[in-house]
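# Secondary and tertiary structure notes
Letter by letter, the chains look like this.
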Amino acid sequence: MATGQLFSRTTQALFYNYKQLPIQRMLDFDFLCGRETPSVAGIINPGAEGFQKLFFGQEEIAIPVHSTIEAACAAHPTADVFINFASYRSAAASSMSALKQPTIRVVAIIAEGVPESDTKQLIAYARSNNKVVIGPATVGGIQAGAFKIGDTAGTIDNIVHCKLYRPGSVGFVSKSGGMSNEMYNTIARVTDGIYEGIAIGGDVFPGSTLSDHILRFNNIPQVKMMVVLGELGGRDEYSLVEALKQGKVNKPVVAWVSGTCARLFKSEVQFGHAGAKSGGEMESAQAKNQALREAGAVVPTSYEALEATIKETFEQLVEEGKITPVKEVKPPQIPEDLNSAIKSGKVRAPTHIISTISDDRGEEPCYAGVPMSSIVEQGLGVGDVISLLWFKRSLPRYCTKFIEICIMLCADHGPCVSGAHNTIVTARAGKDLVSSLVSGLLTIGPRFGGAIDDAARYFKDAYDRGLTPYEFVESMKKKGIRVPGIGHRIKRGDNRDKRVELLQLFARTNFPSVKYMEYAVQVETYTLSKANNLVLNVDGAIGSLFLDLLAGSGMFTKQEIDEIVEIGYLNGLFVLARSIGLIGHTFDQKRLKQPLYRHPWEDVLYTK
């Protein structure tokens, strides 16, 4: 067992089994104490590697994560404390692995319920190798102003209230972690505070005893007096009695053993800790308190009198000149986490993303305010979902049906168009679905699929300005611009595109107005007089009919219609529709197990 101080302002620990809150509390304590380096050097999370982001004051830091104890110890040779947050099932094995590392000097075991036989092995190994075990079933320990283990002393507010951000003159040891927090408050009220505090843990066989730590405190010059809080059950306190009788402790010890109420019960009583069990007379709180009093410890008449007893002992040491009370210092303010600050109404943080179309924060996702269940219950289709997510309103059924028809008619156009070709070549190169799809989508532009928006823009501009088909076509010709939506490689005036006919039939049957489409047909009549292949194609049909949908539905303002056309909504239909076909081509090539594509030599003109 160590004979002096366990921790310092440079002590660093390895934290086993990642727990965000206790690690962050350690780092906040570091900042509060003015440490230059974080007390957590590394994290051990079996099976994981990388980094965990945490805060050291206002600075965000990355703490390395290691998959094994051995790797962590090798990477951080100056870290000599091992804080074990493993469950009781694996705490013993991981603690023994840590004790066997030459760099580890102190092991704190948080879990309770560790098998007693395993604990005995840990204790024997630690003592024979001059190492320290704190726990099992411990909250840990703290050296004020220097280092703390995990959740010791609770929240930052409690730490500040207990003045633990700077060292005092009192050494404190207890079996109970919960009572330690209470005693830190008590000691801070009536003395200049804690120098070091240890909770040895409440199991039957603690890794280190009350007397182990009292003997350590006796060798630390800064510790001027000690406070011990024991409890009924076991005989640990008697080792302290013997140390007092043998004169091994030459500083005042204020002690109290809790559990005096056990005598009020007629049967044996088990208190909170495994070791706190009323047994024979020697294990009773009364017997231990009497033995400590007779050995020279200052023992009050009751727990209620403990605070006054500590105060009297401290003040006497001050009067004798043995203690010069520590001067108070103002600790730095720990930055509050943004989420908690927002919840408490202390800050107004600007958002980084705005969403007006969907929300998944409630019981179910909503599209433009319409719950998902409502969409399903009403039997709405893909066109309705598009109307909600794209246009932020529920369009009439004929509008959403038209959208669905457009998607169906544009889903695919064979394997030879550039998008499908690229997708097929990528799939045959062994790439995944997303890569193959994106390869095809990237070809969509002014020459492949990009004419819908342009057709709508030019037809709308010409119609709204009152241009005749002749004036429109000839003005485009003067500018050197082909009329978008007009022209086809295969279809002719006497062999119309069936898709165009289907769209026109649906619109004439269901739309309240088709003025833009009729204007496009008039333009087609003029262009056919010039060449038999200058027919209205599917891009032109969709572009002009979408203008009729927007204008005829009465649900969009002129400004909204202009914005929709300008942003490029209509080409979104082509992107969405063609994705269906490109995915199909990817699956088709994978299913057929097609080999890597190589373009034939005879299809290339080699020239200088």
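Residues numbered from 1 in each chain as written. Predicted model: local features only at pLDDT ≥ 70, side-chain atom pairs only at ≥ 80, totals over all residues. Heavy atoms only, no water.

### Notes on the domain arrangement of the protein chain
Interfaces are often sized by the amount of accessible area the parts lose when they come together. Formally: What fixes the domain bounds is an automatic or database domain assignment.
Per the domain assignment, the segments making up the protein chain are domain 1 (11-318) and domain 2 (410-590). Relative placement of domain 1 and domain 2: their C-alpha centres are 75 Å apart.

### Topic: a nonpolar patch on the surface
Operational definition: In this scheme, patches are assembled from residues that exceed 30% relative accessible area and form no salt bridge. Like charges are connected within 9 Å, while nonpolar side chains (Val, Leu, Ile, Met, Phe, Trp, Tyr) are connected within 5 Å. Using the Shrake-Rupley algorithm and a 1.4 Å probe, accessible areas are obtained, with residue cover drawn only from the displayed protein chains. Within this document, salt bridges are pairs made up of a side-chain nitrogen of Lys or Arg and a carboxyl oxygen of Asp or Glu, the two lying within 4 Å of each other. Segments assigned H or I by DSSP are reported as helices when at least four residues long, segments assigned E as strands when at least two residues long, and all are numbered from the N terminus. Using a 1.4 Å probe on the protein chains alone, a residue whose accessible area is under 20% of its type maximum counts as buried, one over 50% counts as exposed, and one in between counts as partly exposed.
A surface patch of nonpolar side chains, amounting to about 240 Å² of accessible area, comprises Leu338, Ile342 and Val347. Structurally, the position occupied by Val347 is in the loop between helix H11 (338-343) and strand E14 (358-359). You can call Val347 partly exposed: its relative accessible area is 37%.

### Focus: the pattern of salt bridges
Across all of its chains, the model carries 27 salt bridges by this definition. The residue Arg465 makes a salt bridge to Asp461 at a minimum N-O spacing of 3.1 Å. The exposure class of Asp461 is partly exposed, given its relative accessible area of 36%. Its salt-bridge partner being Lys530, residue Glu474 comes within 3.3 Å of it at the nearest N-O pair. Residue Glu474 is found in helix H18 (residues 469-479), and its partner Lys530 is found in the loop between helix H20 (515-528) and helix H21 (538-552); the two are separated by 56 residues along the sequence. On the basis of relative accessible area, Lys530 is assigned to the partly exposed category, the value being 45%. One continuous salt-bridge network, built from bridges that share partners, spans Lys460, Asp464, Lys558 and Asp562.

### Description of the side chain of Gln504
Which entries qualify depends on this criterion: Contacts are assigned to residue pairs that have any heavy atoms within 4.5 Å of one another.
Among the structural elements, Gln504 can be located in helix H19 (residues 498-510). The class for Gln504 is buried, based on a relative accessible area of 12%. Look past the residues within four positions of Gln504 in its chain and what remains in contact with it is Met517, Val521, Leu536 and Leu545.

### Here we look at the environment of Ala75
Mapped onto the elements, Ala75 comes out in helix H2 (residues 69-75). Linking Ala75 and Pro64, residues 11 residues apart in sequence, is a C-alpha distance of 9.3 Å.

### As for helix H16 (residues 433-441)
Put simply, the test is: The arc refers to the directions leading from the helix axis to the C-beta atoms. Definition of a polar contact: a pair of N or O atoms within 3.5 Å, with one able to donate and the other able to accept a hydrogen when the atoms are protein atoms, and with sequence-neighbouring residues admitted only if both atoms are side-chain atoms.
Those residues of H16 that sit buried are Ser436, Leu437, Ser439 and Gly440. Viewed end-on, H16 has its buried residues packed into an arc of 160°, placing them on one side of the element. Buried positions along H16 lie against helix H15 (418-428) and helix H23 (569-591). At the N-terminal boundary of H16, the capping side chain belongs to Asp432, with an oxygen 3.1 Å from the backbone nitrogen of Val434.

### Here we look at unusual backbone geometry
Note the cis peptide between Gly135 and Pro136, where omega equals 0°. Secondary-structure assignment places Pro136 in the loop between strand E7 (132-134) and strand E8 (140-143). Even without glycine at this site, Lys163 takes up a positive phi of about 60°. Secondary-structure assignment places Lys163 in the loop between helix H5 (156-161) and strand E10 (170-174).

### Topic: the layout of surface pockets
Short version of the rule: Grid points spaced at 1 Å over the protein atoms alone were grouped into cavities, where a 1.4 Å probe fits but cannot get out, and pockets, open sets with protein on both sides within 12 Å along at least five of seven lines, with lining residues defined by an atom within 4 Å of a point. Grid points are joined across faces, edges and corners, and a volume is the space filled by probe spheres set on the points. The nonpolar class holds Ala, Val, Leu, Ile, Met, Phe, Trp, Tyr, Cys and Pro. Asp, Glu, Lys and Arg form the charged class, and all remaining residues, Gly among them, are polar.
As a volume, the largest pocket reaches approximately 1,300 Å³. Looking at the lining of the largest pocket, the elements with two or more residues in it are helix H17 (451-464), H18, H21 and H23. In terms of residues, the lining of the largest pocket owes the most to one element, H18, which gives three residues. For the lining of the largest pocket, the residue count by class is 16 nonpolar, nine polar and 10 charged. The computed volume of the second largest pocket comes to approximately 610 Å³. In terms of lining residues, the second largest pocket is bounded by 22 residues, among which Asp28, Ile156, Ile334, Pro335 and Glu336 are the most central. Ranked by residues supplied to the lining of the second largest pocket, first place goes to helix H1 (residues 20-33) with six residues.

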